[in-house]
Amino acid sequence: MTYTGEVKVGGPADVHELADLMISKVAVGPMNNNAYLLRCRATDEQLLVDAAAEADTLLNLIGDDGIASVVTTHRHGDHWGALAEVVEATGARTYAGALDAEGIPVGTDILVRDGDTITVGRVTLTARHLVGHTPGSIALIYDDPHGHAHVFTGDCLFPGGVGNTHDDPKAFASLIDDVQHKLFEQLSDETWVYPGHGNDTTLGAERPHLAEWRERGW
C-alpha cells in the first residue's frame, strides 16, 4: 500500500516504509493530533513522537516491543495528554525542547537544544529549535541516506502555513524566520513534512507560498 499520511481518529495507522526506518502515523484525541511511531529496521528499537492522547491506542501501536523514548515536540497539552501513561507503561526516556520542558507535567529526562541529535537504533534524528508557536518547540529531521529528508514539525509547519502564533506579530516573525532558515533553506523540495495535526505535505509544495504567508502575517 502506498503511504498517504491521511489518517483519522479511530482509524488504522498509515505506515511509511523507508529503507532504514518505518514511520507509523496515527490520529488520536479530540483535536485530531498526529502521533508518529518510528522503528529502526536494523534493531527494532522504537521512538514515539508526541504521546498526544488515547494511551491505549498508542500502546497498541507500540506493541510488545515497547519504546526506548518519547519526544514531545512542544508544551501544549494536546501533545502530551497520554505521556504519563505511556511512560509508565514502557519506561521510555523523555525528550523535550529545553525551553518548553517546564510546561510539560511529566519529567523530561533529556533537554533538547538546536542541533542536538536523538537516536532510535541506528537512525539519527536532528532537532531544530523553532521559536514562535511556543518558546521551545522542536522539529525532528531524519536525513535519509537512501533518499530525501523527512521532518516532524509538531505545530510549527502545516500544509498552507506555519503554526498559530495567536496574532502576535513578533512571534509570527520569529516562527516564519526559523522555519524558512532552518527548514526551507537547509532541505530539498522532496523533504516530507509530518505535522502535528492533519495531512502531510512536502517542502516543495509549500515553498512557493512563503512570501504569501509573510504578507498575510499568519
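Residues numbered from 1 in each chain as written. Predicted model: local features only at pLDDT ≥ 70, side-chain atom pairs only at ≥ 80, totals over all residues. Heavy atoms only, no water.

A. Geometry of the overall build of the protein. Looking only at helices and strands, the protein has five helices and 15 strands in total. The C-alpha atoms of the protein give 16 Å as radius of gyration, which agrees with the globular expectation for 218 residues (17 Å, within 12%). Projected onto the principal axes, the alpha-carbon positions of the protein cover approximately 50 × 35 × 30 Å. By residue count, 53% of the 218 residues in the protein fall in the buried class. (Helix = DSSP H or I, 4+ residues; strand = E, 2+ residues; numbered from the N terminus. Rg over C-alpha atoms; globule rule 2.2 N^0.38 Å. Buried < 20%, exposed > 50% of the residue type's maximum accessible area, 1.4 Å probe, protein only.)

B. Spotlight on the packing of helix α1 (residues 55-62) against helix α2 (residues 83-90). Taken N-terminus to C-terminus, the directions of α1 and α2 make an angle of 40°; their axes are 9 Å apart at the nearest point. Of the possible angle classes, the one that applies to α1 and α2 is oblique. α1 and α2 meet at a crossing whose hand is right-handed. Residues A55, L58, L59 and I62 of α1 lie in contact with α2, whose contacting residues are E85, V86, A89 and T90. (Axes fitted to C-alpha atoms, helices over the stretch in contact; angles between N-to-C directions. Parallel < 35°, antiparallel > 145°, perpendicular 65-115°, else oblique. Left-handed = near helix turned anticlockwise from the far one by under 90°. Contact = heavy atoms within 4.5 Å.)

C. Inspection of the side chain of T134 at higher detail. Looking at where T134 falls in the secondary structure, it is placed in the loop between β9 (123-129) and β10 (138-143). Dropping the residues within four chain positions of it, T134 is found in contact with H74, R75, H76 and D100.

D. Structural detail: the pairing of strand β2 (residues 21-28). Of all eight residues in β2, seven are buried, a share of seventy percent or more. Where strand β1 (residues 14-17) meets β2, four bridges bridge the pair, whose relative direction is antiparallel. Along β2, the bridge assignment pairs H16 with I23. Between β1 and β2, which follow one another and run antiparallel, lie three residues. Where β2 lies against strand β3 (residues 33-40), eight bridges are found, and the strand directions are antiparallel. Within β3, the residue paired with M22 across the bridge is R39. Counted along the chain from β2 to the antiparallel partner β3, the turn is four residues long, and its residue G29 has a positive phi close to 80°. (Pairing = 2+ DSSP bridges.)

Functional significance is not addressed by these values, which are geometric in nature.
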